[in-house]
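Here's the letter readout for the chains.
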Amino acid sequence: MPPGPGPPGAVSLPRMQQTPPKPVRQIALMNQKGGVGKTTTTVNLAAALARSGRPTLLVDLDPQAHATLHLGVDADALTHSVFDVLVDDTVSPAAVVREVGENLAVLPSHTDLAAAETQLANLPDRQHRLERALASFGGRFEFVLIDCPPSLGLLTINALAAAREVIIPMQAHFLALQGVGKLLETVAAVSRSVNPRLRVTGVVLCMHDASSSHTREVVADLDRFFEAARAQESPWKFARVIRPPIRRNIKLAECPSFGQTIFDYAPGAPGAEDYRALAEGLLREWDAMLSRRTAQPAPPPAMHTAEPPVPEIVVPSPPAAAEQPR
Ligand SMILES: Nc1ncnc2c1ncn2[C@@H]1O[C@H](COP(=O)(O)OP(=O)(O)O)[C@@H](O)[C@H]1O
Ligand SMILES: [Mg+2]
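Engineer: Explain the nonpolar core to me, and be specific about the residues and the numbers.
Structural biologist: Most often, soluble globular proteins keep nonpolar side chains buried together rather than apart. Counting 60 residues, the largest nonpolar core has Leu-57, Val-59, Leu-61, Leu-86, Leu-134 and Ile-146 as its most contacted members. Those residues within four positions of Leu-57 in sequence are excluded, and the remaining contacts are Val-97, Ala-105, Val-106, Leu-107, Leu-134, Phe-137, Phe-141, Phe-143, Val-144 and Leu-145. If you look at the next biggest cluster of nonpolar residues, it comprises 39 residues, including Leu-58, Ala-67, Leu-252 and Ala-279.

In structure tokens form, the structure reads like this:
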């Protein structure tokens, strides 16, 4: 009998090579305040990543369907939307996804999504519906960017349960800082209960005007806040103000009405330059993380057992009248 580990008569099978699951970077772009640049950032960052050759899915989780329209998809002509995916188990996410460009797809929204909050509330597993839907894509996409509605309801909780990271688009003025505190409390609550792996990657400054001294003061406050957060365990321990900021640029405001991203509408505009640079920075850090992971298997993610501190953000005094944010 040949030597071998198995009992006599056992067939020795070649050992299967386990291929690790393809890593997917799932990011929720979240801010409960409207008009801060969430949709503009989600769409143009997704487009920049896709143009870098990374298969990217944008999930439009806002009932206003602005991201869907921005990508040139007529929300009213859809038979199904992300709403159906969330509330109806018989609707396959793959059948609802629309390809809108090379490497770029959208899970579109519809105004019906406004009813989803109520319908979701009655469903089992109501916080994990989006997470399950996205898992069904396996490794089809390398990046999944979720455009959140301007609220902290069940739709946003679904985004935070599905995502690994949070990026906060905001405008640097004093009122916005107060909102960030509330937002971080929500992230902390979700990371304690629904999704312990959730981390805040940082803030993207939108419609940025670096010439204003008030803006500079707010950015310095944010830098100090995140620096101080490094001392304690919290989901924003490694968060930062992500550079470069996105300058105010009229071309970014114009392109949604043409159903085009900034790269199709005005590829030479400062808006295109800024979103390209933002994507390049995120890609550099992602690729570096992936190569470290290949070199050495990553330890299991740390769980947040300690209570994250309640975020305290220093709110600077209101700007002088001449500098009131628009
Ligand atoms: N960098 C920018 N420069 C000029 N206008 C912008 C810029 N970013 C966003 N906008 C415009 O500001 C408005 C609000 O942005 P949007 O992305 O829709 O915010 P949110 O999704 O947070 O509600 C939109 O009309 C958008 O076109
Ligand atoms: Mg929006």
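Engineer: Break down the site of ligand 1 for me, with residues and values.
Structural biologist: Taken together, 14 residues sit near ligand 1, with Gly-35, Thr-39, Thr-40, Arg-247 and Asn-249 positioned nearest. Note that an oxygen atom of ligand 1 is positioned 3.0 Å from one of the backbone N or O atoms of Val-36. Between ligand 1 and Lys-38, the relevant distance is 3.0 Å, taken from an oxygen atom to a main-chain nitrogen or oxygen of the residue. About the coverage of ligand 1: the protein hides 80% of its 550 Å² of free accessible area. Looking at the shell around ligand 1, the elements with two or more residues in it are α1 (38–51) and α10 (250–254). When residues in the shell around ligand 1 are grouped by element, the largest group, three residues, is from α1. Of the residues belonging to the shell around ligand 1, the class tally is five nonpolar, six polar and three charged.

Engineer: Give me the lowdown on the side chain of Thr-201, citing residues and values where you can.
Structural biologist: Among the structural elements, Thr-201 can be located in strand β7 (residues 199–205). There is a polar contact of 2.6 Å between the side chain of Thr-201 and the side chain of Glu-165. Not counting residues within four places of it along the chain, the set of residues in contact with Thr-201 comprises Arg-25, Glu-165, Val-166, Ile-167, Phe-238, Ala-239, Arg-240, Ile-242 and Glu-285.

Rules and cut-offs
- Residues numbered from 1 in each chain as written.
- Chains lettered and ligands numbered in written order.
- Predicted model: local features only at pLDDT ≥ 70, side-chain atom pairs only at ≥ 80, totals over all residues.
- Heavy atoms only, no water.
- Core = buried A, V, L, I, M, F, W, Y, C linked by side-chain atoms within 4.5 Å.
- Buried < 20%, exposed > 50% of the residue type's maximum accessible area, 1.4 Å probe, protein only.
- Contact = heavy atoms within 4.5 Å.
- Near = heavy atom within 4 Å.
- Polar contact = N/O pair within 3.5 Å; in protein donor to acceptor, adjacent residues only side chain to side chain.
- Areas by Shrake-Rupley, 256 points an atom, 1.4 Å probe, with all protein chains shown as cover.
- Helix = DSSP H or I, 4+ residues; strand = E, 2+ residues; numbered from the N terminus.
- Nonpolar A, V, L, I, M, F, W, Y, C, P; charged D, E, K, R; others polar.

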